[in-house]
Amino acid sequence: MKKWLLGFLTAAIVLILAACGGGDEASDTGSNSGSSEEDKTIVVGASNTPHAVILEEAKPLLEEKGYELQIETFQDYVLPNTALEEEDLDANYFQHLPYLELQEKEQGYDFESAGAIHIEPMAVYSKKYKSLDELPDGATIILSNSVAEHGRILMILEAEGLIKIKDGIDKTQAALDDIAENPKNIKFDYDYEPALLTQIYNNDEGDAVVINSNYAIDAGISPTEDSIALEGTDSPYANLIVTRAGDEDSEKIKALVEVLKSKEIQDFITEEWNGAVVPVTE
């Protein structure tokens, strides 16, 4: 009886230990599997148009490289950087270098550009006039409250001969106070969120409105056909893939940038937007 009981207890202990060991092994395996799957997933925050559209086109090319692309869309220029900082995203795709540098200065972000993908030439629109030359003395131009965009807008207006920026100023950082010559006494109204500018244009407010191409395209407005002045393709305001510092060299971010700069995607951008969005070829 004692031998039988001892044998029974021994067998029970062996089974319990085996079960515990099996559970640990299963847990470890599951953890490793989850980590591997996570490494093959790329979560990117983007503006609706053209950024998210371009990313959708890139999905099958990334799948061929073994990566799953998840796209999170945003309607403003603040939350994509907040989400990146909080590690809800692996990267974002919506901003150019002057805006990134301003955000890093103001918010203390430690971000890096992983590569420039495309340029969206900014444009000036008007329902009243067919050119900037037609603007009357004292005309009002409406622009966004994004200070990082003001230098870019002034560069367009200077290229069109409407104003002149002070000598010695870094034009990408120029502010409205840096206007040296304004022969038509143009007034600038800059109290508006960028996303509202298409509605302001459609409501025929002001004499002219400066609109980012992503918002214009999203609202069915053509930068090449509807504008009265269009930024040149030599613009320094290329849209970037941005990551947290150090992540720009990760394999999955390298794969993302490689696909977005591929001939397939560059051809798609050119054919889809016919000059309203221009791929960066360098």
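Residues numbered from 1 in each chain as written. Predicted model: local features only at pLDDT ≥ 70, side-chain atom pairs only at ≥ 80, totals over all residues. Heavy atoms only, no water.

Asks: Can you help me understand the side chain of Asn-92 in this one?
Replies: By secondary structure assignment, the location of Asn-92 is in strand S3 (residues 91-96). Among the polar contacts listed, one links the side chain of Asn-92 to the backbone oxygen of Pro-80, at a separation of 3.2 Å. Excluding residues within four positions of it along the chain, Asn-92 makes contact with Val-44, Gly-45, Pro-80, Asn-81, Leu-84, Leu-240, Ile-241 and Val-242. (Helix = DSSP H or I, 4+ residues; strand = E, 2+ residues; numbered from the N terminus. Polar contact = N/O pair within 3.5 Å; in protein donor to acceptor, adjacent residues only side chain to side chain. Contact = heavy atoms within 4.5 Å.)

Asks: Would you mind going over the packing of helix H2 (residues 48-64) against helix H9 (residues 251-260) with me for this structure?
Replies: When two helices pack together, their arrangement is given by the angle between the helix axes and the distance between those axes. Where H2 contacts H9, the axes come no closer than 10 Å and their chain directions differ by 115°. Relative to H9, the element H2 lies roughly perpendicular. As for the relative orientation of H2 and H9, their crossing is right-handed in sense. Every residue of H9 that contacts H2 at Ile-54, Leu-55, Ala-58, Leu-61 and Leu-62 is listed here: Ala-255, Leu-256, Val-259 and Leu-260. Each residue belonging to the contact of H2 with H9 can be placed in one class, and the counts come to nine nonpolar, no polar and no charged. (Axes fitted to C-alpha atoms, helices over the stretch in contact; angles between N-to-C directions. Parallel < 35°, antiparallel > 145°, perpendicular 65-115°, else oblique. Left-handed = near helix turned anticlockwise from the far one by under 90°. Nonpolar A, V, L, I, M, F, W, Y, C, P; charged D, E, K, R; others polar.)

Asks: For this particular structure, what's the right way to read empty space enclosed by the protein?
Replies: Picture a little ball the size of a water molecule; that probe, rolled over the atoms, points out where space is still empty. Tallying each qualifying case throughout the model produces three cavities of 30 Å³ or more. Of the voids in this model, the largest cavity is the one considered here, and its volume is about 120 Å³. If you trace the largest cavity, you find 13 residues lining it, with Tyr-77, Phe-94, His-96, Glu-149 and Asn-212 closest to the centre. By residue number, the principal contributor to the lining of the largest cavity is S3, which donates three residues. For the lining of the largest cavity, the per-class residue count stands at four nonpolar, six polar and three charged. For the second largest cavity, the calculated volume is near 70 Å³. Around the second largest cavity sit Ser-47, Asn-48, Thr-49, Phe-74, Gln-75, Asp-76, Tyr-77, Asn-214, Tyr-215 and Asp-218, which together line it. Looking at the lining of the second largest cavity, the elements that each hand over two or more residues are H2 and helix H7 (213-218). By residue number, the principal contributor to the lining of the second largest cavity is H7, which donates three residues. Each residue belonging to the lining of the second largest cavity can be placed in one class, and the counts come to three nonpolar, five polar and two charged. (1 Å grid on protein atoms, 1.4 Å probe; cavity = no way out; pocket = protein on both sides within 12 Å on 5 of 7 lines; lining within 4 Å. Points joined across faces, edges and corners; volume = space filled by probe spheres on them.)

Asks: Honestly, the packing of H2 against helix H10 (residues 263-273) in this entry has me stumped. Any pointers?
Replies: Interaxial distance between H2 and H10 falls to 10 Å at its minimum, and their mutual angle equals 140°. By the angle class used here, H2 and H10 are oblique. Taken as a pair, H2 and H10 cross one another with a handedness that is right-handed. Packed against H2, whose contacting residues are Thr-49, Pro-50, Val-53, Ile-54, Glu-57, Ala-58 and Leu-61, the element H10 presents Glu-264, Ile-265, Phe-268, Ile-269 and Trp-273 at the interface. Taken together, the residues of the contact of H2 with H10 break down into nine nonpolar, one polar and two charged.

Asks: Would you mind showing me how to read the pairing of strand S4 (residues 111-119) here?
Replies: The side chains of a regular strand alternate between both faces of the sheet. Pairing geometry for S4 and strand S12 (residues 238-244), over seven bridges, is antiparallel. Residue pairing for S12: Ile-119 is matched across the bridge by Ala-238. Two elements, S4 and strand S13 (residues 278-279), share two bridges in a ladder whose sense is antiparallel. Considered in S13, the bridge of His-118 is made with Pro-279. (Pairing = 2+ DSSP bridges.)

Asks: In this structure, what is going on with the packing of aromatic side chains? I would like to understand it.
Replies: For any pair of aromatic rings, geometry is given as the distance between the ring centres together with the angle between the planes. Summed over all chains, the structure comprises seven aromatic pairs. Relative to Tyr-99, the ring of Tyr-77 lies with its centre 6.1 Å away and its plane at 65°, an arrangement referred to as edge-to-face. Of this pair, Tyr-77 sits in the loop between strand S2 (68-74) and helix H3 (79-85) while Tyr-99 is found in helix H4 (residues 97-107), placing the two residues 22 residues apart along the sequence. Tyr-99 shares its class with Tyr-77; the two are buried. (Phe/Tyr/Trp six-rings, centres within 6.5 Å; stacked < 30°, edge-to-face > 60°. Buried < 20%, exposed > 50% of the residue type's maximum accessible area, 1.4 Å probe, protein only.)

Asks: Would you mind showing me how to read the layout of surface pockets here?
Replies: Roughly 280 Å³ of volume is contained in the largest pocket. Sorting the residues of the lining of the largest pocket by element identifies H4 and helix H5 (147-159) as the ones contributing at least two each. A per-element tally of the lining of the largest pocket places H4 first, with five residues. When the residues that make up the lining of the largest pocket are grouped by side-chain class, the tally is 10 nonpolar, five polar and three charged.

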